[in-house]
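# A closer look at the structure
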Amino acid sequence: MLGLMQNWQLTVDKIIEHAAINHTNREIVTRSVEGPIVRTTYGNIFTRAKKVSNWLLGQGIKLGDRVASLAWNSGHHMESWYGTMGIGAIMHTLNPRLFPEQLVYIINHAEDKIIFTDLTFLPILEAIHDKCPCVKAFVVFTDGANMPPTKLPNCHAYEDILQGQSDISIWGNFEENTACGLCYTSGTTGNPKGVLYSHRTNVLHTLLTMGADVMGLTAGDVILPVVPMFHANAWGIAFSAPACGSKLVMPGAKMDGASIYELLETEKVTFSAAVPTVWLMLLQYLESTNQKLSTLKQVVIGGAALPEHILRSFEDKYGVGIRHAWGMTETSPLGTLGTPGPEAANYSREEIIKTKLKQGRSPFGVELKIKRDGKTVPRDGETFGNLMVRGAAIAGAYFKNEGGDILDEEGFFDTGDVATIDEHGYMQITDRSKDVIKSGGEWIGTIDIENCAVGCEGVACAAVIGIYHPKWDERPLLIIEKKAGANPTKEDLMAHLNGKIAKWWMPDDVRFVETIPLGATGKINKIALRETFKDLKFG
Ligand code: AMP
């Protein structure tokens, strides 16, 4: 027997429509690429997104066609995003930090028909457009007056294409499992793979992230997503902010400490989200200029492990609460978030810190298990193995079935991360499975050593890789990028680590490099580091 409730399809166009009706004048503020701060509202975003839809329909875009964006977070990006998804086309967010060859591969693999972009990225597209014959038109987020001459064929200024378009367009005339967004994984091994979100999974993900123990967003919040929309939908904020009616502050191209600080203060931001490197830049700026944060209350940090000193600085020095999150493109992206639960009521400050440094618990809708040698291991906070995930908004296959069957016999996806889960459900990442160091039959997690090493005076960034050892198979090498003007030594680092990590995890050597290479999503590029140190041998 079926239930007798209304069949309200979970499609994302309803999110922006809800915001336009209920939070009509709530602002979306953008630092534009041209320079000035520009303001719009959910009401305007909705109307202009409808115009985008009509222009796309006029270009022959149909249900299931891919429309790409190569753009910073902005109000315009949101309009084109909802305008695309509303008619059942698929918004494919391109990551401008990828190498040109990877962009070419991704655009062709996705068969993008139209690309929306910012002025900043014209040179990238001009260099590759002739290798992407599938793209029939380009649209630059600017007006006719600011549109430079360009070699791109069929290239329009955004304001020009909206001119004369009707703001009436039928949205959501399709079922909720229809694809709505496409985002490629960073592809550290092999070609990038496409994660194809559906309307239903994006709506469910939005609902699960809004919970008080998760992001806990409210209509009163002013949210600054530094995390880009091309990084798994700005961790869902491009959906959850309008769903709540929160004010949005979009940083555009500028993510340095001074620019972020200016927006946080002038727009009275209460909530923000970014990877640790962005927060490091902000903290360094605050320290060097001796400034305070007057409105920011809560920050979500994820994408890479939260270093302890960032947690302590934000909470103890600036009075800003930190929520540590883990997720990946394949998990829409939020998988876990670390808000301490009732068991932490009588914890000491140090115990709270320890708990908050873990990657957190899974909200309803995300199931986790740790698997080693084909078996699920106990939730004891110690036994580590491969982190597996299943749930309402988790990838079931990659676009065009690249990589084949990606689920285990119980329907869980192997995240490629190595982790533990404790008795309260807190998951802690110890490594990527391909980065874990196998030493004498045991595993050494590199993240713990790295986090500990960045706490040493004068260290800007730390990375650990495994180096061949004739007796132990692999042993850790610690690689350090120094802070400008600082000069920590190998002895300083070994003394700092001593007693903080297991004795047999102590690195066999420490090497200093000018800069530690980062990949397209701001993570340490260990493949490049392994290449640099490929001739090094221990033992
Ligand atoms: P991406 O799909 O580019 O977002 O990358 C996802 C990967 O980033 C995960 O599989 C983890 O390896 C890593 N990651 C994300 N969040 C965290 C975190 N809080 N701590 C450690 N690693 C993380």
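Computed from a predicted model, the values in this text were never measured in an experiment.

### Brief notes about the site of the ligand
Around the ligand there are 16 residues in total, and Ala 325, Thr 329, Asp 417, Arg 432 and Lys 523 lie nearest to it. The separation between an oxygen atom of the ligand and a polar side-chain atom of His 231 is 3.0 Å. One nitrogen or oxygen atom from the side chain of Arg 432 is found 2.7 Å from an oxygen atom belonging to the ligand. Protein contacts shield 93% of the accessible area of the ligand, which totals 500 Å² for the unbound molecule. The biggest single contributor to the shell around the ligand is strand 14 (residues 321-327), with four residues.

### What about helix 4 (residues 100-110)?
Within helix 4, burial applies to Gln 102, Leu 103, Val 104, Ile 106, Ile 107, His 109 and Ala 110. Of the residues trailing helix 4, Glu 111 is marked for its positive phi of about 60°.

### Remarks on helix 13 (residues 349-357)
Of the residues making up helix 13, those classed as buried are Ile 352, Ile 353, Thr 355, Lys 356 and Leu 357. Against the buried residues of helix 13 lie helix 12 (308-317) and strand 14.

### Structural notes on the domain arrangement of the protein chain
Looking at the assigned domains, one finds that the protein chain contains domain 1 (13-254) and domain 2 (438-532). For domain 1 and domain 2, the distance between their C-alpha centroids amounts to 38 Å.

### What to know about the side chain of Ser 74
Structurally, the position occupied by Ser 74 is in the loop between strand 3 (66-70) and helix 3 (75-86). There is a polar contact of 3.0 Å between the side chain of Ser 74 and the backbone nitrogen of His 77. Setting aside chain neighbours within four positions, we find Ser 74 in contact with Thr 30, Met 229 and Met 250.

### A word on the packing of helix 14 (residues 446-454) against helix 15 (residues 490-497)
Relative orientation of the contacting elements helix 14 and helix 15 amounts to 115°, with a least axis distance of 9 Å. Relative to helix 15, helix 14 is oriented roughly perpendicular. In this structure, the crossing between helix 14 and helix 15 has a hand that is right-handed. Two secondary-structure elements touch here, helix 14 through Ile 449, Cys 452 and Ala 453 and helix 15 through Leu 493, His 496 and Leu 497.

### Some remarks on the pattern of salt bridges
Using the criterion set out here, one finds 32 salt bridges in the structure. For Lys 369, the salt bridge is made with Asp 408, and the minimal N-O distance between the two is 3.0 Å. Note that Lys 369 is positioned in strand 16 (residues 366-372) and Asp 408 in the loop between strand 18 (385-391) and strand 19 (413-421), a separation of 39 residues in sequence. With respect to burial, Lys 369 and Asp 408 carry one shared label: buried. Of the charged contacts, one joins Arg 530 and Asp 435 as a salt bridge, the two residues approaching to 2.6 Å between their closest N and O atoms. Remark: Asp 435 occurs in the loop between strand 20 (427-432) and strand 21 (437-439) and Arg 530 occurs in helix 16 (residues 526-532); sequence separation between them is 95 residues. Look at Asp 435 and you get buried, because its relative accessible area is 11%. If you follow the salt bridges from partner to partner, you end up with Lys 369, Lys 371, Asp 408, Glu 409 and Glu 410 in one network.

### A few points about the packing of aromatic side chains
As enumerated under the stated definition, the model contains 12 aromatic pairs in all. A centroid spacing of 5.5 Å and a plane angle of 85° characterise the contact between Trp 279 and Phe 314, whose relative ring orientation is edge-to-face. With Trp 279 in helix 11 (residues 276-289) and Phe 314 in helix 12, this residue pair connects regions lying 35 residues apart in the sequence. Each residue in the set Trp 55, Phe 116, Phe 141 and Tyr 158 is aromatic and connected to the rest through ring pairs, giving one cluster. Over the ring of Tyr 398 we find Lys 193, and its NZ or CZ is 5.6 Å from the ring centre.

### Some details on the side chain of Ser 240
By the secondary structure assignment, Ser 240 is in helix 9 (residues 237-244). Aside from chain neighbours lying at most four places away, what touches Ser 240 is Thr 206, Thr 209, Met 210 and Leu 217.

### Some words on the environment of Leu 357
With respect to the secondary-structure elements, Leu 357 resides in helix 13. Taking the C-alpha atoms as reference points, Leu 357 and Ala 325, 32 residues apart in sequence, are found 9.6 Å from one another. Residue contacts for Leu 357: discarding those within four places in its chain leaves Leu 306, Pro 307, Glu 308, Leu 311 and His 324.

### A few points about the sheet that holds strand 15 (residues 334-337)
Within a sheet, each strand pairs with its neighbour through backbone hydrogen bonds, oriented either parallel or antiparallel. Taken together, the eight strands give an open sheet; going across it, the order is 2-1-11-10-12-13-14-15, and neighbouring strands pair in mixed fashion. Either end of the sheet is taken by a strand with one partner, and the two such strands are strand 2 (37-41) and strand 15. Neighbour-to-neighbour, the strand axes of this sheet turn through a mean angle of 20°, independent of strand direction. Contacts from helix 9 reach strand 10 (222-225), strand 11 (247-250) and strand 12 (271-274) within the one sheet, and its direction differs from that of strand 10 by about 170°.

### Some points on the pairing of strand 11
The two faces of the sheet receive side chains in turn, since in a regular strand these alternate between them. Side chains Lys 247 and Val 249 of strand 11 all project onto a buried face; the interleaved residues Leu 248 and Met 250 project onto the opposite face, where all are buried too. Both strand 1 (residues 27-31) and strand 11 contribute to a ladder of three bridges, which runs parallel. Of the residues in strand 11, the one forming a bridge with Thr 30 is Met 250. Pairing geometry for strand 10 and strand 11, over two bridges, is parallel. Within the sheet, the bridge partner assigned to Val 222 lies in strand 11 and is Lys 247.

### A few points about the sheet that holds strand 18
Strand order in the open sheet formed by five strands is 17-16-18-19-20, and the pairing between neighbours is antiparallel. With partners counted over all chains shown, the strands left at the sheet margins are strand 17 (375-376) and strand 20, one partner each. Note that strand 19 and strand 20 share five bridges and pair antiparallel. Bridging across to strand 20, Ile 421 finds its partner in Met 427.

### Examining the state of the cysteines
Within the structure shown, the criterion is met by zero disulfides. With no disulfide partner, Cys 244 has as its closest neighbouring cysteine sulfur the one in Cys 180, 18 Å distant. In this structure Cys 244 comes out as buried when scored by relative accessible area, which is 10%. Looking at Cys 461, it has no disulfide partner, and the nearest cysteine sulfur is the one in Cys 456, 14 Å off.

Thresholds applied
- Residues numbered from 1 in each chain as written.
- Predicted model: local features only at pLDDT ≥ 70, side-chain atom pairs only at ≥ 80, totals over all residues.
- Heavy atoms only, no water.
- Near = heavy atom within 4 Å.
- Polar contact = N/O pair within 3.5 Å; in protein donor to acceptor, adjacent residues only side chain to side chain.
- Areas by Shrake-Rupley, 256 points an atom, 1.4 Å probe, with all protein chains shown as cover.
- Helix = DSSP H or I, 4+ residues; strand = E, 2+ residues; numbered from the N terminus.
- Buried < 20%, exposed > 50% of the residue type's maximum accessible area, 1.4 Å probe, protein only.
- Contact = heavy atoms within 4.5 Å.
- Domains from an automatic or database assignment.
- Axes fitted to C-alpha atoms, helices over the stretch in contact; angles between N-to-C directions.
- Parallel < 35°, antiparallel > 145°, perpendicular 65-115°, else oblique.
- Left-handed = near helix turned anticlockwise from the far one by under 90°.
- Salt bridge = Lys/Arg side-chain N within 4 Å of Asp/Glu carboxyl O.
- Phe/Tyr/Trp six-rings, centres within 6.5 Å; stacked < 30°, edge-to-face > 60°.
- Lys NZ or Arg CZ within 6 Å of the ring centre and 35° of its normal.
- Pairing = 2+ DSSP bridges.
- Disulfide = S-S within 2.5 Å.

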